Amino acid sequence: MPAFVVQTPVRRYIAKVERGILGRVPYYLPDTAGKVFVVTTEDVWKAHGRIFSRGMAGREHAVLFHPGGEERKRLSTVEDLAVQMVEGGADRTALVVGFGGGIVNDVSGFLASIFMRGVGVVQVPTTLLAQVDAAVGGKTGVNLTSGKNLIGTFHQPLTVLIDPEVLSTLPEREYRAGLYEVIKCGVIRSEKLFRLMATRVAAVLARRADVVDEMIAESVRIKAEVVSSDEKESDLRRILNFGHTVGHALEAETAYSRFLHGEAVAIGMKAAVHLALLMEHLSADHAMEIMQAIDAYGPVPPTTGIAPEALMGRLASDKKTMHGQVHFVLPRKVGAVRVVTGIDQDLIYSAIKSALR
Ligand code: GLY
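Quick notes on the rules
- Residues numbered from 1 in each chain as written.
- Predicted model: local features only at pLDDT ≥ 70, side-chain atom pairs only at ≥ 80, totals over all residues.
- Heavy atoms only, no water.
- Pairing = 2+ DSSP bridges.
- Helix = DSSP H or I, 4+ residues; strand = E, 2+ residues; numbered from the N terminus.
- Axes fitted to C-alpha atoms, helices over the stretch in contact; angles between N-to-C directions.
- Contact = heavy atoms within 4.5 Å.
- Near = heavy atom within 4 Å.
- Polar contact = N/O pair within 3.5 Å; in protein donor to acceptor, adjacent residues only side chain to side chain.
- Areas by Shrake-Rupley, 256 points an atom, 1.4 Å probe, with all protein chains shown as cover.
- Phe/Tyr/Trp six-rings, centres within 6.5 Å; stacked < 30°, edge-to-face > 60°.
- Buried < 20%, exposed > 50% of the residue type's maximum accessible area, 1.4 Å probe, protein only.
- Lys NZ or Arg CZ within 6 Å of the ring centre and 35° of its normal.

Participant: Please explain the sheet that holds strand 6 (residues 120-125) as it appears in this structure.
Facilitator: By way of backbone hydrogen bonds, the strands of a sheet pair with one another, either parallel or antiparallel. Strand order in this open sheet of seven strands is 1-2-9-6-5-3-4, and the pairing throughout is mixed. Here the strands that pair on one side only, and so sit at the sheet edges, are strand 1 (3-7) and strand 4 (61-65). Put simply, the sheet's adjacent strands are angled 20° from each other on average, direction ignored. Relative to strand 6, strand 5 (residues 95-100) runs parallel, the two sharing six bridges. Bridging from a neighbouring strand, G100 pairs with P125 of strand 6. Helix-sheet contacts for helix 1 (residues 42-56) involve strand 3 (36-40), strand 4 and strand 5, and the interaxial angle to strand 5 is about 130°.

This is the structure:
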C-alpha cells in the first residue's frame, strides 16, 4: 500500500497508508528516541488500545489521556499533559505519539513542539478526518474561545502511520464528517477523487475497503504534495482552507459544541460555492455537482439560530484574515480553486445566508 513523501525545509518524512500498521508502530519509531508518551483518549484506547499495546510489546511507553472534544482542545489540557510527561520521566529525547482523531493529533503535535523546546512526534490518526487531513502537514494548535486554532505551531511529525482498518469502528457521524474533508481535497485539486465521492456514495458509506483505501491514499497524496510545496501556508497551502473560513466561524460561534469540524467545513464549502457563483467564478453546473456531493453525505446538524451577522463578526478574528482582509478559497471548477481577498461584504453576507438555510 502507498507511502507519500512530505518534503519541507525542516524535515522529510513519510505518510504511510497500510492496513494493520497499527500493530506494527514500533518499527517506525526512531531507535534513538527515549521514553515514548502515547497521547490518546479513553474512547480510542478502548477501541484500539489492545492492538496498539500488543504491537508495542518490548518498547516502553506511557499512555496519557486527553479528555477529547473541541471544547477541551485548550492550553490547559496541554499543560496537564506536559506535567504528566515530566512526572513520567520525560527528557529531551522523549517521543510523543499522537494516537487519535484530529484533536489528539493537533494537541499532541503542539505538546511535542513546546515540550523542553521541542521533541519528536509520530502521528497515528484514528479518524477519517485526521487520516486525510489533520495528521499530515505539521499544523498543531489549540482553540481560544475567540477562535479556532489561534494558538499553535508548525511542527512536522517524524512519520504518519495511517491504518484504514481502524475506521471500521468509527461512529457513523465521525466517518461522515471526515468524508467532507475528502470532498474538499477533490474540489481543490483532484477531479478524479471528486468523481469517486460523487458517484460511489453507497460504497463510500458502506466503507468498502477498496474505496476507502483509494480515497485516503488520494487525499494524503494531495496533502503531501501541497504541504511539500508550501509548508507555512504563504501560498499554495491556503487552498486546503476551502470551506474553513466560514467553517471555523461556525465552530467558534457555537462554542465548538454543535458541529464536528468536518460538518462545519461542509457548511463552509457551501458558503464558498454560493460566493463563487455570485462572483461568477464558477458555472452553475459545477456548483450543483459540488452541492449534491456534499448533500449526499449529510445531513449535518441544523444551523437554526445562527445569524449571518454573527459569523461575519467572527471572520475578522480568524487567523486567515490579514490586514483586515478575509480570504476565501473559491472553486473555479471541480478540481481547481483560487484564493480571493477583498470581497464585497454584501456578497459574503448573501453567501453565508444561503448556506445557513
Ligand atoms: N487543514 C489545513 C492544513 O493543514 O493546511
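Participant: I tried to follow the site of the ligand on my own but got confused; where do I start?
Facilitator: Looking at the ligand, the residues that line it are D133, K139, K223, R237 and L240. Contacts to the ligand include R237, whose side-chain N or O atom sits 2.8 Å from an oxygen atom. Here the ligand has 200 Å² of accessible area as a free molecule, and 90% of this is covered by the chains.

Participant: How do you make sense of unusual backbone geometry when you look at a structure like this?
Facilitator: Going from G298 to P299, the amide bond is cis rather than trans, its omega being 5°. On the secondary structure map, P299 appears in the loop between helix 11 (284-296) and helix 12 (308-315). Positive phi is not limited to glycine here, since E233 has a value of about 60°. Secondary-structure assignment places E233 in the loop between helix 8 (209-229) and helix 9 (244-253). The backbone of A255 sits at a positive phi, close to 55°, despite the residue not being glycine.

Participant: Would you explain the packing of aromatic side chains in this entry?
Facilitator: In this description, a pair of aromatic rings is defined by centroid distance and the angle of the planes. Scanning all chains against the criterion turns up three aromatic pairs. With a centroid separation of 5.8 Å and 65° between ring planes, the pair formed by W45 and F52 is classed as edge-to-face. For the pair formed by W45 and F52, the shared burial category is buried. Between W45 and F99, the aromatic rings sit 6.1 Å apart at their centres with planes inclined by 85°, giving edge-to-face as the arrangement. Linking W45 in helix 1 with F99 in strand 5, this pair joins segments that are 54 residues apart in sequence. Taken together, the ring pairs in this structure connect W45, F52 and F99 into an aromatic cluster. The cationic tip of R207 hangs over the ring face of Y175; the distance from NZ or CZ to the ring centre is 4.2 Å.

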